[in-house]
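Report on the structure
One-letter residues, chain by chain:
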Amino acid sequence: MENKTGKYFKYAIGEIVLVVIGILIALSINNWNEERKLKTEEQELLANLSVSFKSKLNELENKNVGRAENITGINKLLYLTSNPNETIGEREMYNILGDMHTWYSVNEEFRIIDMLFSSGKINTISNDSLKFKLISWPDIMEEMLEEQRVLQDLVTNRINPLMNKYVSLTNIVASYNLPKTQIEAHTVSPFPNDFSGLLSDRAFESFISDKKLYLIINIRDSEALIESAKSILSLINQELKND
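Residues numbered from 1 in each chain as written. Predicted model: local features only at pLDDT ≥ 70, side-chain atom pairs only at ≥ 80, totals over all residues. Heavy atoms only, no water.

Considerations on the packing of aromatic side chains
Describing an aromatic ring pair means giving the distance of the ring centres and the angle of the ring planes. Throughout the structure, instances matching the rule amount to 4 aromatic pairs. Taking 6.0 Å as the distance between ring centres and 55° as the angle between the ring planes, the aromatic pair formed by Phe-110 and Trp-137 counts as tilted. One end of the pair, Phe-110, is in the loop between α2 (90-100) and α3 (111-118); the other, Trp-137, is in helix α4 (residues 128-166), and 27 residues separate them in sequence. For the residue pair Phe-110 and Trp-137, the accessibility class agrees, reading buried in each case. Above the face of the Phe-110 ring, Lys-56 is positioned so that its terminal group lies 4.9 Å from the ring centre. (Phe/Tyr/Trp six-rings, centres within 6.5 Å; stacked < 30°, edge-to-face > 60°. Helix = DSSP H or I, 4+ residues; strand = E, 2+ residues; numbered from the N terminus. Buried < 20%, exposed > 50% of the residue type's maximum accessible area, 1.4 Å probe, protein only. Lys NZ or Arg CZ within 6 Å of the ring centre and 35° of its normal.)

A few points about the nonpolar core
Counting 29 residues, the largest nonpolar core has Leu-77, Leu-97, Met-100, Val-167 and Phe-204 as its most contacted members. At the level of elements, α1 (2-82), α2, α4, α7 (195-199) and α8 (202-242) are the ones that each hand at least two residues to this core. Among all residues touching Leu-97, those that are not within four sequence positions of it are Leu-77, Met-163, Val-167, Ile-172, Phe-195, Leu-198 and Phe-204. (Core = buried A, V, L, I, M, F, W, Y, C linked by side-chain atoms within 4.5 Å. Contact = heavy atoms within 4.5 Å.)

A few points about the pattern of salt bridges
Taken as a whole and assessed by the stated rule, the structure comprises 8 salt bridges. Measuring nitrogen to oxygen at the nearest pair gives 3.0 Å for the salt bridge that ties Glu-41 to Lys-121. You can see Glu-41 sitting in helix α1 and its partner Lys-121 sitting in the loop between α3 and α4, a full 80 residues away along the chain. Among the ionic pairs, Arg-149 bridges to Glu-142, the shortest N-O distance being 2.8 Å. Bridged by salt links that share partners, the residues Glu-108, Glu-142 and Arg-149 form one connected network. (Salt bridge = Lys/Arg side-chain N within 4 Å of Asp/Glu carboxyl O.)

Here we look at the side chain of Asn-70
Of note, Asn-70 is situated in helix α1. For Asn-70, the residues in contact, after removing those within four places along its chain, are Asp-99, Met-100, Thr-102, Tyr-104, Lys-211 and Leu-215.

Quick look at the environment of Ser-196
Along the chain, Ser-196 falls in helix α7. Through-space distance from the C-alpha of Ser-196 to that of Thr-87 is 9.4 Å; in sequence the pair is 109 residues apart.

As structure tokens, this is what we get:
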């Protein structure tokens, strides 16, 4: 009787061990599948981040080129205000003044970054260095955007209204090398330009000096974003290659 009980007990233990092993195997397979699913999700997210940051990097670099060209134009205008006997051609003046109407704004919307935080997908990123740089991005971006908004206000509410008193925007637009059909849509303004009056206006000199300052600040802040974007892209590429 005791022998049968012992055999039954051993059999029961064996059954329990097999069940436990089966459960552990099932859990292991489930964990493996879950890890594989998370890894696939991370790789898809990294690929999308790569596309978005390449586009943002290109935008930032192009805006800085425009800002630098605008600073060159402002320097020429400041030279002319200090040297009233010096002149430049009408087309060159139109080109410079045309650039004065813009502030080379970087798009404030960056949907993939917004999505990372709103959805919690930032936690999908396994690389801590990459995660830290992505978390830091909005603060670096906001620093540049604050100056950009000040510049936008300066151009919209100070420079443009003052320029319109002396120079016709119609003539500036008509001077652009637009496609023929668009050129035909613009006529020459009947109002004469007063370049001398504009260049001798103290407020104009002050406003464009302010614009130059904020453009320089925007370039500096954008350079920080450019370096951050390049670093993020480098880390993303490493992760994609390691897959």
